[in-house]
Every structure is written in structure tokens, then in C-alpha cells.
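Spelled out from the first residue to the last, the chains are:
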Amino acid sequence: MSGETETTKSAGLQPNTEVKAEDIFEPHVLEKYDPDVVAYVLKTRAAGVPAQNEFRIEEIRADPDKFALPWSKDVTGWERVTDAEVTSQDGFKIPIKIYHPDPTQFGEGPYGAHLNFHGGGFVLGDLNTESQLCLNMRDGAGVVVIDVNYRHCPEAAWGKGIEDARAALMWARESGSLLKINPESISIGGISAGAHISLVLQHMARDEGIPLKICLASVPPSADALLYESYTDSPFASFHTFSHGPVLPWARIKFFGEQCFPKNKVGDMRANVPEWWIAPLKSKNWTGLCDTFIRTGECDPLRDEGEAYGLKLVEGGNKVVMKRYLGSPHTFMYFDWFKKKHEYDLDTIGALKQAHRIH
């Protein structure tokens, strides 16, 4: 999932409207948020940026540039960045972007490889969404980063994105010479919906005997929130506490759920995928999984279910590191002005270098 603040000029508050914190934040939420994030939310609302639940999927698909996120960046044609395609199991072509490290700094390879799956509620996002994060991983850790633009709902049935992720992993393992990577030194990761995909993929890799160096799952949804009728359906306290916050509110999660599991199709769609794909917390086998680094935001509705997944890993005897970034909402790792984002980047680089044994 992703609860980003989107930019548009056609809806929401008029520019220069005076907005107060109490107009947006419930008192118990405001006291938890980092003051810098509060200031950012107030600034965007005063500038006329609407709340996240004010868009329809038809509007977004009709004019994607209008709804491009502030941190999105097209790096096509940049040095050591190439475009390619991966064929999924049903023959569909999946666009990917490949980021190669600087050989003058990290040598000629073979390199470790990291597969990235972007956030966006299984509905939004593309190869521009996390390009700057991919550049940071490449330049900081010296790994080849493969950013995968898996299929989105509602155009594709939910679960196709997971099939696409597996296809990308298999392609990477079979393309060592082409990519100048070590097929035995591959890691996976993602943010929000991309983290969910990564959690499912680490189980699939274990089942298929595919070694992974680490899974970097950031702000992961791990329960079946996409199927909830109300935020009160969640058993997790953070889901209730932050359900009406300004970043990834319940209305936004409900929007994603409606795109992924339309009411008139939900029965058939659920029958077509394993239950634990929808809710990784319902996985049956928790042994033998790769090392995992789970990161959550204190002010994220998904915080508690992400950490619950980590505890399941611990109970299964796996190596897991969990870190909660205080004062941080769901999308904090995209905020270039935010100190916790820079801490996040350093943590990512450190985890990748350790996992791939890069000195």
C-alpha cells in the first residue's frame, strides 16, 4: 500500500487557505507525529493539495502525469541505468529498470543483486516512483538494483503482481552473465505493497530452494486489510489509532481494497490465490526463511501487523531485525527533507552491504 500525498490542481482546498493542525490531526495522532511532518502536511493542504481519498481511479489512469508524486523521477537514459523486460508465467511482459554500480568504485563484478518492488497499494506506482531510492541503493551499497513494475489492479487480477515478482527473481538468477551478478547473492525488498510482495516471495523462494541474502520489507501490510468492511475489522491497535490520520487513512486503504477485490468478484478472486498471499501473517510454515529487516513507522496504521510478522519470523527461528522509526508516517522514506528518511537510507545501505558482504 501507499498513502502518499498526491499533487493536483483540480481538487481539494484552495491555495493559501489557512489550515490548522487540529483541522487535520486528531489530538492523539498529533502528539505522535514528528513536528516536521506536521508542518509538511499543513503546508501541502494550505497549497491546495487535496486529501488522499478525493481521487477516482478513472481520473488517475486518464492523466497519470497530473497525479505524479513529488519524489517520482524519470531516470531513463541516465548513466548505468537500462530498461528491459521480464516475461511472467502467463507470457505478459513486465517492464524493469536495471541500475548498475560504478565500476571505478565497486569493481567490474560480479555484483550482488537486489530486486525492488515499489509501493502503491497494488494499484499505483511505476518505475519512476522509487528511482531515487534505487539510485541510493546502487551508489551506496554497490549492488545491481532491478526495479520491477509488476502488474496493478484493477486492470490485472490481484495476485498477478506476485507472479511477476517471482518471474523477475527467476530471470535474475538465470541472467548472471548478462547482468554481471552473482546468482547466489540476490536480495529482495519493497515498500508497502512492494513489501507485502517481498514477504510472499521469501516464502516462495524457501519452498523452491532459492537462496536469498535478505528481505528488506518496509511498512509492510501483512494482514487482509484489503478485504475489511471497516477499519474496526482489524485486530491491530495501530490500525485503529491512525485510521483517520493524514497519511494512509482508512479511506485510502478502502480505495485500494475496492480496486484489488471488487465486491462483485471478491469470492472468485480469493479462490484463485492462496489465502496467505493476501495475508502473509496466515502463512503456515515459518521455518527456513531468509534473513529479514522489517521497518515500520510509529504513526502508520500498518505498524503493528508489520511487527507481528516479524515476531512470527522470530518464533520460526529465523534471523530478523525490526526497527520502528519514531514520529514517522507510512510514506516517511520518500520525504527527502526528513531526517528519518536519511536514517532509513543509511540503514538500507548498511543492510545490503552486510548481506552481500560488500566492504
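Numbers given for residues are sequential positions, taken from 1 along each chain in its written order. At least 70 in pLDDT is required for a residue's local features to be given in this predicted model, at least 80 for side-chain atom pairs to be given and counted, and no such filter applies to totals for whole chains, interfaces and linings, which use all residues. Side-chain numbers here rest on the full set of heavy atoms in the structure, without hydrogens or water.

Engineer: Teacher, can you tell me more about the pairing of strand E5 (residues 181–191) here?
Structural biologist: In summary, the side chains of a regular strand alternate between the two faces of the sheet. Within E5, eight of the 11 residues are buried, leaving the element largely enclosed by the surrounding structure. Only strands joined by at least two bridges in the DSSP assignment are considered to pair. Each helix is a run of H or I in the DSSP string that is no shorter than four residues. Each strand is a run of E no shorter than two, and both are numbered from the N terminus. Bridge count between strand E3 (residues 111–117) and E5: six bridges; the pairing is parallel. Bridged to Leu 115 within E5 is Ile 188. Pairing of E5 with strand E6 (residues 215–218) involves four bridges; the strand directions are parallel. Relative accessibility decides the category of a residue: with a 1.4 Å probe and only protein chains considered, values under 20% of the type maximum give buried, values over 50% give exposed, and everything between is partly exposed.

Engineer: Whenever I open this one, the side chain of His 152 confuses me. Can you help?
Structural biologist: Within the element layout of this structure, His 152 appears in the loop between strand E4 (144–148) and helix H7 (160–174). One polar contact links the side chain of His 152 to the main-chain carbonyl oxygen of Gly 125, over a distance of 3.5 Å. Leaving out residues up to four positions away in the same chain, His 152 has contacts with Arg 61, His 118, Phe 122, Val 123, Leu 124 and Gly 125. Pairs of N or O atoms within 3.5 Å make up the polar contacts considered here, provided that, within protein, one atom can donate a hydrogen while the other can accept it, and that residues adjacent in sequence are counted only when both atoms are side-chain atoms. Residues count as neighbours in contact if any of their non-hydrogen atoms are within 4.5 Å of one another.

Engineer: Teacher, can you tell me more about helix H15 (residues 339–355) here?
Structural biologist: Residues that lie three or four places apart on an α-helix share one face, since the helix turns once every 3.6 residues. Expected span of a helix: the number of residues minus one, times 1.5 Å. Here H15 spans 25 Å end to end across 17 residues, near enough to the 24 Å set by a 1.5 Å rise per residue. Listing the buried residues of H15 in full gives Lys 340, Lys 341, Tyr 344, Asp 345, Asp 347, Thr 348, Ile 349, Ala 351, Leu 352 and Ala 355. Buried residues along H15 sit in contact with E3, helix H6 (131–141), E5, E6, strand E7 (292–297) and strand E8 (320–325). Immediately beyond the C-terminal end of H15, within one or two residues, lies Arg 357, with a positive phi of roughly 55°.

Engineer: What is the right way to read the packing of H6 against H15 from this model?
Structural biologist: The axes of two packed helices give the description: the angle between them and the distance between them. In this analysis an axis means a line fitted to C-alpha atoms, helices contributing only their contacting stretch, and an angle means the value between N-to-C directions, from 0 to 180 degrees. Direction vectors running N to C along H6 and H15 enclose 50°, while the axes themselves pass 9 Å from each other. Here H6 is positioned oblique relative to H15, judged by the angle of their axes. For the pair H6 and H15, the crossing hand works out as right-handed. Seen from H6, the contacting residues are Leu 133, Asn 136, Met 137, Gly 140 and Ala 141; seen from H15, they are Lys 341, Asp 345, Thr 348, Ile 349, Leu 352 and Lys 353. Under the scheme applied, nonpolar residues are Ala, Val, Leu, Ile, Met, Phe, Trp, Tyr, Cys and Pro; charged residues are Asp, Glu, Lys and Arg; polar residues are all the others, including Gly. Grouping the constituent residues of the contact of H6 with H15 by class yields five nonpolar, three polar and three charged. Our angle categories are set so that under 35 degrees counts as roughly parallel, over 145 as roughly antiparallel, 65 to 115 as roughly perpendicular, and the remainder as oblique. With the far helix as reference, a near helix turned anticlockwise by less than a right angle produces a left-handed crossing, and one turned clockwise produces a right-handed crossing.

Engineer: Which parts of the structure should I look at to understand unusual backbone geometry?
Structural biologist: With glycine set apart, most residues show a phi of negative sign, and most peptide bonds adopt trans. Omega for the bond connecting Gly 109 with Pro 110 falls within 30 degrees of zero, at 0°, which places this linkage in the cis form. By secondary structure assignment, the location of Pro 110 is in the loop between helix H5 (103–106) and E3. A cis amide bond links Cys 153 to the next residue, Pro 154, at an omega of 5°. Mapped onto the elements, Pro 154 comes out in the loop between E4 and H7. In this structure, Ser 192 is a non-glycine residue whose phi angle is positive, near 60°. Mapped onto the fold, Ser 192 is located in the loop between E5 and helix H9 (193–207).

Engineer: I'm lost on the environment of Pro 235 in this one. Help?
Structural biologist: Structurally, Pro 235 is set in the loop between E6 and helix H10 (237–241). Assessed through its relative accessible area of 65%, Pro 235 is described here as exposed. Considering only alpha carbons, one finds Pro 235 and Lys 32, 203 residues apart in sequence, at a separation of 21 Å.

Engineer: Whenever I open this one, the sheet that holds E5 confuses me. Can you help?
Structural biologist: Strand pairing in a sheet is mediated by backbone hydrogen bonds. Such pairs are either parallel or antiparallel. The sheet built from eight strands is open, its strands ordered E1-E2-E4-E3-E5-E6-E7-E8 with mixed pairing. One side of each edge strand has no neighbouring strand; the edge strands of this open sheet are strand E1 (81–87) and E8. Averaged over all adjacent pairs, the angle separating strand axes in this sheet is 20°, with direction ignored. For E1 and strand E2 (residues 93–99), the ladder comprises seven bridges, and the chain directions are antiparallel. Bridging from a neighbouring strand, Val 86 pairs with Ile 94 of E2. Here H9 sits on the sheet in contact with E3, E5, E6 and E7, set at roughly 135° to E5. Across the sheet, H15 touches E3, E5, E6, E7 and E8, and the angle it forms with E8 is around 170°.

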